[in-house]
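# Fold and geometry: a report
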Amino acid sequence: MKRLFKIEETPRRGLLLLEWTVVAYIVFSLLQMWHIGSALAHPYDMFWGRMRMLAVIIGMWAVYRLVPCRFTMALRVFIQLAMLGWWYPDTYELNRSLNNLDHLFAQAEQWIFGCQPSLEFSARMPWPVLSELLDVGYVSYYPMMVAVMLLFFFYRYEEFARCSFVVLTSFFLYYVIFDLLPVAGPTFYFQAIGLENAMQGHFPAIGNYFDTHRECMQLPGFSDGIGYWMVEIAHLAGERPTAAFPSSHVGVATVCMLLSVHGRARKLFTVLLPFYVLLCFATVYIQAHYAVDAIAGLITGTLFYFLLMWVSRRETTV
């Protein structure tokens, strides 16, 4: 506890790399807002929301400068992590006016697998135990991130800022993709075109349908389970017809697993591994993603990890 509030002898002066990431994304999204112009539904709210985010960054930097210790450093990091819940639905506001591309991804899925795995998986394996395990795996995404961050904070503090940068910047790299690539995922697209069309392999383009529609299919699986309930709550709280390709769930979870290896945390890796495997399959089972989304999440998550670890090789926490 004393180490948590001990004043650092040589505190960091400027912004953390992860805070610069947020600033860069704010600039990027403001430029995209300017390009979209009048097609935006809530431009003033989005603009002032970004100004508040900048104020939070500056405010937390000031708090740390006044009391430079591990506790205020943790506040800087975990507040930005908490803000991801605000940024995610924002991707829908930026891509909702673009022509939807789900028909291309559904066609690719059909060509590769000869079916729609997101429909076949839950239909062929509706078993309550499997459903519950996959649902729990899906929602373990959030505690997985926190567990890895806490690992570095308490046991590898010198790399805490670096680890935080890798996790947070991975999110924002995915957000950039989501802003520019309007893919909603099976649960939204199949609801829009009708399940019969999807089952028959007919995938029509729907233009900017999701600019005004946000209906999705009912979650498959064991509807009386606790895991099912947790996934449904998460969907109701923040799910939008956006952010399907690649799967950031799989991508960021992959980053977290690789960070646990980097941190030499064998016990944590062993505990997280079954949840990670369940999560990867769950993204398709609950129809949030096409199988190609999950595969792309695995590939991009691995690439992002090695790229961002290289970029942040000199980022240390005092």
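Residue numbering note: each chain is counted from 1, following its sequence as written. In keeping with the model being predicted, local features are shown solely for residues with a pLDDT of at least 70 and side-chain atom pairs are shown and tallied solely at 80 or more, while totals for entire chains, interfaces and linings include all residues. Values reported for side chains reflect all heavy atoms of the structure, with hydrogen atoms and water molecules removed beforehand.

Across residues other than glycine, the phi torsion is negative in most instances, and most of the peptide bonds are trans. Of note, the amide linkage connecting Phe-245 to Pro-246 takes the cis form, showing an omega dihedral of -10°. Only DSSP runs of H or I covering at least 4 residues are called helices, and only runs of E covering at least 2 are called strands; the numbering of each starts at the N terminus. Tracing the sequence through the fold places Pro-246 in the loop between α13 (226–238) and α14 (248–262). Residues other than glycine seldom take positive phi values, yet Ala-243 does so here, at roughly 65°. Relative to the elements of secondary structure, Ala-243 occurs in the loop between α13 and α14. The class for Ala-243 is buried, based on a relative accessible area of 5%. For Gln-287, which is not glycine, the phi dihedral falls at a positive 70°. Following the sequence through the fold, Gln-287 ends up in the loop between α15 (266–285) and α16 (291–311). Partly exposed residues are those whose accessible area sits between 20% and 50% of the maximum for their type, while under 20% is buried and over 50% is exposed, using a 1.4 Å probe and protein chains only. By relative accessible area, Gln-287 is classed as buried at 6%.

Turning our attention to the packing of helix α5 (residues 84–95) against helix α10 (residues 160–180). In this analysis an axis means a line fitted to C-alpha atoms, helices contributing only their contacting stretch, and an angle means the value between N-to-C directions, from 0 to 180 degrees. At a closest axis distance of 9 Å, the pairing of α5 and α10 adopts a crossing angle of 15°. What the angle tells us is that α5 and α10 run roughly parallel. Crossing of α5 against α10: the hand is right-handed. Mapping the contact onto sequence places Leu-84, Trp-87, Tyr-88, Thr-91, Leu-94 and Asn-95 in α5 and Leu-168, Phe-171, Phe-172, Tyr-175, Phe-178 and Asp-179 in α10. Class assignment for the residues of the contact of α5 with α10 results in nine nonpolar, two polar and one charged. Small angles under 35 degrees read as roughly parallel and large ones over 145 as roughly antiparallel, with 65 to 115 read as roughly perpendicular and the rest as oblique. Handedness of a crossing follows from how the near helix is turned relative to the far one, being left-handed for an anticlockwise turn of less than a right angle and right-handed for a clockwise one. Residues are treated as being in contact if the distance between any of their heavy atoms lies within 4.5 Å. Gly counts as polar in this scheme, as do all residues outside two lists: the nonpolar Ala, Val, Leu, Ile, Met, Phe, Trp, Tyr, Cys and Pro, and the charged Asp, Glu, Lys and Arg.

In this section: the side chain of Thr-187. Of note, Thr-187 is situated in helix α11 (residues 186–193). Assessed through its relative accessible area of 5%, Thr-187 is described here as buried.

The end-to-end C-alpha separation of helix α3 (residues 43–66) is 35 Å, in line with the 34 Å expected for 24 residues at 1.5 Å each. Within α3 the residues assigned to the buried category are Met-46, Gly-49, Arg-50, Met-53, Ile-57, Met-60 and Tyr-64. For a helix, the expected span equals 1.5 Å multiplied by the residue count minus one.

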